[in-house]
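Examining the three-dimensional arrangement
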Amino acid sequence: MIRIDRKPQLFSFRVAGLIFRDGHVLAQRGAQDDYWALPGGRAEIGESSQETVLREMREELHREARIERLLWTVENFFTYEGYAAHELGFYYLLTLDEAFPFHETDIVHRVVDGVEVEFRWLRATPGALSGNRLKPQFIADRIDRLPASAEHLIVREGLPLLAAKETAF
């Protein structure tokens, strides 16, 4: 019998939203994490990406959201805790129907979703988002030039065998 060594792999279908206020974008992280991400989560079987992002906003922010437009679909390849990860992501521009707490530097909301998740507003500039380790990195690189219509990206972040690369279609 031939043994094939396979590296641990992880596939995820993630949907997230960009919510802006006063020059800031809302971000979330697990309370023990050292990086931030956009609010959102994994799609459930039979659920469209639009249904996912609206559900996630209700569950995590306790707010109804309105989808303005799809910004990016992304095939993101990266490593995470020893796994070779492949994430299919949909990123939407959102508006909340009800005001959400705002502070320029403090945590504004916490929720338990398997783990404790905290939310804060990050200044919506490439430098501030990179400095706060917003993942995936392409968002920081593009935050000041959101596309007028949806873009499809293929992003390879920090893979040892492949140079970091971003391709837009």
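Below is a summary of the structure that appears in this document. Note that the structure is predicted; figures quoted are calculated from it, not measured. (Residues numbered from 1 in each chain as written. Predicted model: local features only at pLDDT ≥ 70, side-chain atom pairs only at ≥ 80, totals over all residues. Heavy atoms only, no water.)

**Details of the environment of Leu146**
- Mapping Leu146 onto the fold places it in the loop between helix 3 (137-142) and strand 9 (151-156).
- For Leu146 and Leu93, which are 53 residues apart along the polypeptide, the C-alpha to C-alpha distance reads 9.2 Å.
- Ignoring sequence-local partners within four residues, the contact set of Leu146 consists of Leu18, Phe20, Arg69, Leu71 and Trp72. (Helix = DSSP H or I, 4+ residues; strand = E, 2+ residues; numbered from the N terminus. Contact = heavy atoms within 4.5 Å.)

**Structural notes on the packing of aromatic side chains**
- This model, assessed by the stated rule, comprises six aromatic pairs.
- Ring-pair connections join several aromatic residues into one group, and the members of that group are Trp72, Tyr91 and Phe138.
- Stacked on the ring of Phe77, the Lys or Arg Arg156 has its end atom at 4.4 Å from the ring centre. (Phe/Tyr/Trp six-rings, centres within 6.5 Å; stacked < 30°, edge-to-face > 60°. Lys NZ or Arg CZ within 6 Å of the ring centre and 35° of its normal.)

**Focus on the side chain of Arg142**
- Here Arg142 is to be found in helix 3.
- Residue classification places Arg142 among the buried positions, given a relative accessible area of 9%.
- A polar atom in the side chain of Arg142 sits 2.7 Å from the side chain of Glu151. (Buried < 20%, exposed > 50% of the residue type's maximum accessible area, 1.4 Å probe, protein only. Polar contact = N/O pair within 3.5 Å; in protein donor to acceptor, adjacent residues only side chain to side chain.)

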